[in-house]
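Single-letter residue listing:
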Amino acid sequence: MTKKVSLVVMAIALVALPTMAQKTPEKVVAAYDALANIILDMREAEHDFVVAVLDGHMHGAKMLFKKGDYEGAAAEMALVANEGDNAVGGVRKRLLEGGHHFNAEGEEQGIFEPGYVVVNREAKKKMLAASSALRQAKDDVARKAAWDDFAGVAKPLLAGE
Amino acid sequence: MITRIRAASLLLSVICWAGVGPVSLAATDSPLLFVDVAAEAGLEAPTWCGGLEKPHLLESGGTGLALFDYDVDGDLDLFLVNGWRLDRTEIAERGRNLLYRNEGDGLFRDVTERAGVGDDQWGTGVTTGDLDGDRLPDLFVTSFGTDILYRNQGDGTFVPVAESPSVEGWSTGAVFFDSDADGDQDLFVAGYVDATLEEVLFAEPTLVWEGLNVMVGPFGLDGLGNHFFRNLGDGRFEDVTKESGLEDVGLFYSFAVSALDLDGDRDLDLYVTNDSNPNYLYRNNGAGVFEEVGLWSGAALDGMGNAQAGMGMAAGDLDNDGLPDLFVSNFWKDVSTFYRNLGDFIFEDATLELGLRQSTYLPLSWGTTLSDLDHDGGLEIFIANGHIFPQADQAPPSSQTSFRQANVLLLNEGGRFVDVSDRSGPGLEVVESSRGLAVGDIDFDGDLDLAVSNVDAPPTLLRNDSERRGSWLMIDAPEALRVTVETGSRQLIRHRVIAASYVSVNDERFHLGLGKTDRVPKLTLLWPDGSQKVLTDVGVDRVLVFRR
């Protein structure tokens, strides 16, 4: 996609640039402006995309918990904590390999793990603990407590609070 | 320093191998004593891994080794995987893999040429198994290139299998195991990084670490997928990675692998360490179809929820609850992690509780084992260490590291570990950049010795001359899953743990230290089909052989 955008911009530039440019042609400025929108929207799009992934796992966890499939629910909870499954982790790895860090500053401060977009370290730890607690829970009281611990962390995160 | 150590090793080895017995340990509080006998055993050939500066990650991984009885004469022979020596952008030497026959008198004789296993690809790791059910151990060598499966012909020679299963590229750990209870052994092979020889030869150290330019990776390099090959029973293997649920969807950087029954349901599950990514834990449904459960089981990340740089691994039942626990070795300035198995695929990080943080934080750790080295019934931990950057020797003092590092030995004292590395004999004073580790009894005295591969150096062969804190049993039962020994006051359980360590192979026999006892009232062997063999009033200090 990036390559395509580059080609479009270059084509416009080649056509529009006068030999002795005194002023940047309006078409070039407009193309650059459009590109800026894409760049700026990209960050928001990535955030929304990851939230959508987590929403899916959150929904799955809720449904499985209601059905009494506590192992399945715990697995979904762990996937929220880990910001997706191993396939998503592979995409995150690719982004890191390309030098993209969504929360670069947060990573430097130790708040976020490399490549994580929504789930910070503290939230991850709490949600993993809740997932493990659900797997080990012996009765409904303990299961509800584990779910409440998880939801108390996950819901605000997904709501962007 | 090394000369002094070797001289000390030689003196001690002469004393012990002449039958005088282990050196007294009255002056130290460690019952453990190891002596490096590699040189006098004839293990003087180095194994290579790239050039001096090591600008590409391939030059960091070192090579594995195997202790196995290739000629079925009752003693453990040694197979050493070899890489290449580089001189900047030139290939200076294509190292040949090496097979040494244990002569039974303390010497290992190079039989590589006769055995036909001296391949000169850039080797990385090794595993052994019985691909055709003839009870002869076959060899599978992973490489930067094409992996090779060697069939053991039973006359001291091997032949490469024409259609060998292979992961093209930089493959690392591998394990043979019967995933689907059909009686033959399937093969899992881990992939690390996808790279070309040209990239290796012309790599530049462009990553800045501690103010120094070092190799890039693994982030910045493409991962290479893991593969699973089903044994079709007629000498052929079929790649069934995806349908078996073992697809490496994240293309994580995988190193060590092990097959073992983690939940006591009598099928073999699979654990894979991943460098810089969550480790994989695959639950076997009994029919050779797996589900990845690492994240929610608690065995993929450390207790803080962080992915670590998984290098090597070991497994064993530390708390005698019938379930094997996991130990994963990690990078410099990160602890190696002990995952306590709580049952039903739930693990908890018990690293701090067991006193493992301090000794494992600074070393960069690779091959490791959980083995009873003093026969008191508790499992010790040995870890082979060495940095990946040769430039570590120029790093500022605050980094507290070096390319060559001492290995670590942790004594189990009632379930907590005490670092006795600095008082367990001259073998622990050897300082190399170590990688692979293979465990087995090389001198038939009943205790476990340790073979360690080193980068650009000969191996270390650590003969165990430790003070005995009890008697022992060695149980040769290749198909058995578990051994339970009841000594009256306690129960000891040892599990079949296939492969593990780091791209290396341990002796496959069960080894048990029994504490101070001269009889075992009850010994039970468990097979995958649920059948058991129970023996009562068993004598100690012997090898028991079971064949079905």
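Residues numbered from 1 in each chain as written. Chains lettered and ligands numbered in written order. Predicted model: local features only at pLDDT ≥ 70, side-chain atom pairs only at ≥ 80, totals over all residues. Heavy atoms only, no water.

A. Representation of a negative patch on the surface in the model. Residue and element names in this part refer to chain B. On the surface, D194, E198, E199 and D222 cluster together into a negatively charged patch. Its location among the elements puts E199 in helix α4 (residues 197-201). Its relative accessible area of 42% is what places E199 among the partly exposed residues. (Patch = residues over 30% accessible without salt bridge, like charges linked within 9 Å, V, L, I, M, F, W, Y side chains within 5 Å. Areas by Shrake-Rupley, 256 points an atom, 1.4 Å probe, with all protein chains shown as cover. Salt bridge = Lys/Arg side-chain N within 4 Å of Asp/Glu carboxyl O. Lys, Arg positive; Asp, Glu negative; His and termini not counted. Charge placed at Lys NZ, Arg CZ, Asp CG, Glu CD. Helix = DSSP H or I, 4+ residues; strand = E, 2+ residues; numbered from the N terminus. Buried < 20%, exposed > 50% of the residue type's maximum accessible area, 1.4 Å probe, protein only.)

B. Molecular detail of the pairing of strand β16 (residues 227-231) of chain B. Residue and element names in this part refer to chain B. The buried fraction of β16 amounts to four of the five residues, a majority that puts the element mostly inside the structure. Summarising the sheet, strand β13 (residues 186-193) and β16 pair through three bridges and their orientation is antiparallel. Bridge pairing in β16 links L187 to F229. Note that β16 and strand β17 (residues 237-239) share three bridges and pair antiparallel. The residue of β17 that forms the bridge with R230 is E238. (Pairing = 2+ DSSP bridges.)

C. Representation of the side chain of R435 of chain B within the structure. All names here are of chain B. Within the secondary structure, R435 sits in strand β32 (residues 434-440). Here R435 is buried and forms no salt bridge, its nearest opposite-charge partner D456 lying at an N-O distance of 8.3 Å. One polar contact links the side chain of R435 to the main-chain carbonyl oxygen of S60, over a distance of 2.8 Å. (Polar contact = N/O pair within 3.5 Å; in protein donor to acceptor, adjacent residues only side chain to side chain.)

D. Summary view of the side chain of S336 of chain B. Residues and elements named next belong to chain B. Relative to the helices and strands, S336 is located in the loop between β23 (325-328) and β24 (337-343). Look at S336 and you get buried, because its relative accessible area is 0%. Here the side chain of S336 touches N330 through a polar contact of 3.3 Å, landing on its backbone nitrogen. Apart from the residues within four sequence positions on either side, S336 is in contact with F327, V328, S329, N330, T351, T360 and S365. (Contact = heavy atoms within 4.5 Å.)

E. Quick peek at the packing of helix α3 (residues 70-81) of chain A against helix α7 (residues 140-158) of chain A. Residues and elements named next belong to chain A. In the contact formed by α3 and α7, the axes pass within 11 Å of each other and the chain directions differ by 20°. Considering their axes alone, α3 and α7 lie roughly parallel with respect to each other. The handedness of the crossing between α3 and α7 comes out as left-handed. Only D140, R143, A146, W147, F150 and A154 of α7 make contact with α3, whose side of the interface consists of Y70, M77 and V80. Grouping the constituent residues of the contact of α3 with α7 by class yields seven nonpolar, no polar and two charged. (Axes fitted to C-alpha atoms, helices over the stretch in contact; angles between N-to-C directions. Parallel < 35°, antiparallel > 145°, perpendicular 65-115°, else oblique. Left-handed = near helix turned anticlockwise from the far one by under 90°. Nonpolar A, V, L, I, M, F, W, Y, C, P; charged D, E, K, R; others polar.)

F. Molecular detail of the interface of chain A and chain B. The partner chain B presents 26 residues to the 23 residues of chain A that form the contact. Surface buried jointly by chain A and chain B totals about 1900 Å² across both partners, of which 55% is contributed by carbon and sulfur atoms. Of all residues in chain A, the largest losses of buried area upon contact with chain B belong to N86, K93 and R135 of chain A, amounting jointly to 34% of the total for that side. Across the contact surface, chain A and chain B share seven residue pairs in polar contact (both at pLDDT 80 or more). (Buried area = accessible area lost by both parts, 1.4 Å probe.)

G. Highlighting the layout of surface pockets. Of the pockets and cavities examined, the largest pocket occupies roughly 1400 Å³. Residue lining of the largest pocket: 50 residues in total, with D130, Q185, P478, E479 and E508 of chain B positioned closest to the centre. Those elements giving two or more residues to the lining of the largest pocket turn out to be β2 (65-68), β8 (122-129), β12 (169-177) and β38 (498-499) of chain B. Taken together, the residues of the lining of the largest pocket sort by class into 20 nonpolar, 11 polar and 19 charged. Along its surface, the second largest pocket is lined by 40 residues, and P114 of chain A together with F219, S276, A307 and A309 of chain B are the ones closest to its centre. Residue assignment for the lining of the second largest pocket shows that the elements contributing at least two residues are α4 (86-97) and α6 (121-136) of chain A together with β14 (207-209) of chain B. Top element by residues in the lining of the second largest pocket is α4 of chain A. It accounts for four residues. (1 Å grid on protein atoms, 1.4 Å probe; cavity = no way out; pocket = protein on both sides within 12 Å on 5 of 7 lines; lining within 4 Å. Points joined across faces, edges and corners; volume = space filled by probe spheres on them.)

H. Representation of empty space enclosed by the protein. All names here are of chain B. Counted under the stated rule, the structure contains four cavities of 30 Å³ or more. Considering only enclosed or pocket space, the largest cavity measures out at about 430 Å³ in volume. Lining the largest cavity are 28 residues; nearest its centre among them are L370, S371, H495, V497 and R509. Those elements giving two or more residues to the lining of the largest cavity turn out to be β22 (313-316), β26 (365-371), β37 (491-495) and β39 (510-515). In terms of residue class, the lining of the largest cavity is made up of 13 nonpolar, eight polar and seven charged. Of the voids in this model, the second largest cavity is the one considered here, and its volume is about 60 Å³. Here the element with the most residues in the lining of the second largest cavity is β8; it accounts for three residues.

I. Structural detail: the sheet that holds strand β27 (residues 380-385) of chain B. Residue and element names in this part refer to chain B. The antiparallel open sheet is built from four strands, whose spatial order is β26-β27-β29-β30. Looking along the sheet, the strands with just one partner apiece sit at the ends: β26 and β30 (416-419). Each strand of the sheet is rotated relative to its neighbour by a mean of 25°, with strand direction disregarded. Two strands pair when backbone bridges link them, and strand β29 (residues 408-413) and β30 are joined in this way by four bridges, in the antiparallel orientation. Paired with N412 across the bridge in β30 is F417.

J. Quick look at the environment of L262 of chain B. Residues and elements named next belong to chain B. Relative to the assigned elements, L262 resides in the loop between β18 (253-260) and β19 (269-275). On the accessibility criterion, L262 (0% relative accessible area) is buried. Distance in space between the C-alpha atoms of L262 and V193 is 28 Å, their sequence separation being 69 residues. If near-sequence neighbours (up to four positions away) are discounted, L262 is found in contact with D269, L281, L323, P324, L326, N341, F345 and F347.

K. Quick peek at α3 of chain A. In this model, α3 of chain A (12 residues) spans 16 Å end to end at C-alpha, consistent with the 16 Å of a helix rising 1.5 Å per residue. Burial within α3 of chain A is extensive, with 10 of its 12 residues counted as buried. Buried within α3 of chain A are the following residues: G72, A73, A74, A75, E76, M77, A78, L79, V80 and A81 of chain A. Those residues of α3 of chain A hidden inside the fold are in contact with α2 (26-67), α6 and α7 of chain A together with α5 (294-297) of chain B. Remark: E83 of chain A follows α3 of chain A within two positions and exhibits a positive phi of approximately 55°. (Expected span 1.5 Å × (residues − 1).)

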